[in-house]
Amino acid sequence: MMNVIWGFLMLSGIAVAAATGRMDTLTQGLFNGAKDAVVVSFGLISIISFWLGMMQIAERSGLIRAVARVVRPFAKWLYPSVPVDHPAMGSLIANMSANILGLGNAATPLGLKAMDELQSLNQEKDTASDAMCTLLALNTASLTLIPATMIGLRLEFHSKNPSGIVVDTMLATLIATSAAIFLDRFYRRRARRKRQRTMDIAA
Amino acid sequence: MNVLTFLSNLMLPSTLALILVIGIMRRVPLFDTFIEGAKEGFGTSINLIPQLIAMMVAVSIFRSSGALTLLIHAVQPLLVRLHFPSELLPLALLRPISGAGSLAVVTDLFKTHGPDSLIGRMASVMQGSSDTTLYVLTVYFGSVGIRNARYAVKVGLLSDLVSAFASVLAVYLLQK
């Protein structure tokens, strides 16, 4: 799917640029895109290293385990394939907490740590596991309580009520996240049924 | 009314303080432990460069060539029939593929319509209630070398569709 999307974006872009004689903007877009990617990766070094450092302290002190105990039933329901006392569960919970607290730039490092630990449970190393798909579903929908960036931008544009969108955002994000969880479960079940069927045929 | 802004600004320092205070209480060597964890950050970030270059070049080409505008024109009639405001269409299509790009569109909408207009508020909610799906997929799967994303891409993009409609609906329902 990622291959299809990538091919589509590249080829349709090149085709449209050729048809409309915008080859020079295309070349510029190409270099800007590549440069941005490197800038983003280097930008990530700072924030990922920082939060992984803090996480190590939180883990060593037992804070993560304490939080995990509280949200365990919910996490168990979301990630049935991850053993509750596996380190991956701690990172999954930390990532979830960061999203909910609105610590957007902490959520990514913690999510990547969770991916790394889920990979140790994964049997096919180049294929996403069920738990990885759920983690992605939650993070692409990104449950947000306080949209800090948007409040800031609205303030900049002299909004009379910069934080007046908070309740609306909560409602929208709640609907979207529920949809993401539902869709993830739906496709997971379908994939499992398909696998079962091929196994039956093989037997 | 800026209690919420205040609270959200308080969230980061209080989380950091909580982690450090509990660390001290449990006699964790703070500095050494931090360094131990932070070491892994460099490799993780550098490993992402190839995937990010591939994706960000494709998105940049797609936008700068005018292909995005073409796509917007193509789906416009359908979405207008579903009562989706046509001013928000570029934002809805750009939101899942480029975070910086969609933020630029929001800024533009604020300039034309004002942040407190119906369109301005819907744009705020749409930008704030979702994340850049393509970026998240690239970074998360890229970091551990997953090549087969299975149904994750489908789930991510479908929930973006839900998110776009939910943003319009939420502002619509909650307007006084």
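Quantities reported herein were computed from a predicted structural model and do not represent experimental measurements.

1. Details of the overall build of chain A
From N to C terminus, chain A includes 8 helices and 0 strands. Ordering the α and β elements of chain A from the N terminus gives α-α-α-α-α-α-α-α. For 203 residues, the compact-globule estimate of 2.2 N^0.38 gives 17 Å, and the C-alpha radius of gyration of chain A, at 21 Å, exceeds that figure by more than 25%. In terms of principal-axis extent, the alpha carbons of chain A reach across some 55 × 55 × 35 Å.

2. Some words on the domain arrangement of chain B
Taken as a whole, chain B is organised into domain 1 (1-44) and domain 2 (48-174). A separation of 31 Å is found between the C-alpha centroids of domain 1 of chain B and domain 2 of chain B.

3. Focus: the UniProt feature "transmembrane region" (unreviewed entry) in chain B
All names here are of chain B. The UniProt record marks residues 6-25, 46-72 and 155-174 with the feature "transmembrane region" (unreviewed entry), using the residue numbering of this structure. Counting secondary structure, residues 46-72 comes out at 89% helix and 0% strand; the distance between its end C-alpha atoms is 35 Å. Structurally, residues 155-174 comprises 100% helix and 0% strand, and the distance from its first C-alpha atom to its last is 27 Å.

4. Some points on the confidence of the model for chain A
Looking at chain A as a whole, its pLDDT mean stands at 88, while 99% of the residues score no less than 70. The secondary-structure element of chain A with the lowest mean pLDDT is helix α7 (residues 148-156) of chain A, recorded at 83, while helix α6 (residues 130-141) of chain A shows the highest, at 94.

5. Some words on unusual backbone geometry
All names here are of chain B. Of note, R27 is a non-glycine position whose phi angle comes to about 60°, a positive value. Despite not being glycine, H83 shows a phi value in the positive range, around 65°. As for its position among the elements, H83 is in the loop between α4 (67-81) and α5 (89-94).

6. Thoughts on the interface of chain B and chain A
In this complex, chain B contributes 89 residues to the contact, which on the side of chain A involves 94 residues. Elements supplying a minimum of two residues to the side of chain B that touches chain A: α1 (3-25), α2 (30-47), α3 (49-64), α4, α6 (99-113), α7 (118-128), α8 (133-144) and α9 (152-174) of chain B. When residues of the side of chain B that touches chain A are assigned to their parent elements, the largest contribution, 14 residues, is made by α9 of chain B. Among the residues making up the side of chain B that touches chain A, the classes are represented as 51 nonpolar, 28 polar and 10 charged.

7. Topic: the UniProt feature "domain: Nucleoside transporter/FeoB GTPase Gate" (unreviewed entry) in chain B
Per the UniProt entry, the sites bearing "domain: Nucleoside transporter/FeoB GTPase Gate" (unreviewed entry) are residues 46-146 of chain B in this numbering. Taken end to end, residues 46-146 of chain B is 76% helix and 0% strand, and its first and last C-alpha atoms sit 16 Å apart.

What counts and what doesn't
- Residues numbered from 1 in each chain as written.
- Chains lettered and ligands numbered in written order.
- Predicted model: local features only at pLDDT ≥ 70, side-chain atom pairs only at ≥ 80, totals over all residues.
- Helix = DSSP H or I, 4+ residues; strand = E, 2+ residues; numbered from the N terminus.
- Rg over C-alpha atoms; globule rule 2.2 N^0.38 Å.
- Domains from an automatic or database assignment.
- UniProt positions renumbered as here; feature names shortened; annotations may be inferred.
- pLDDT = per-residue confidence, 0-100.
- Contact = placed C-beta atoms within 7 Å.
- Nonpolar A, V, L, I, M, F, W, Y, C, P; charged D, E, K, R; others polar.

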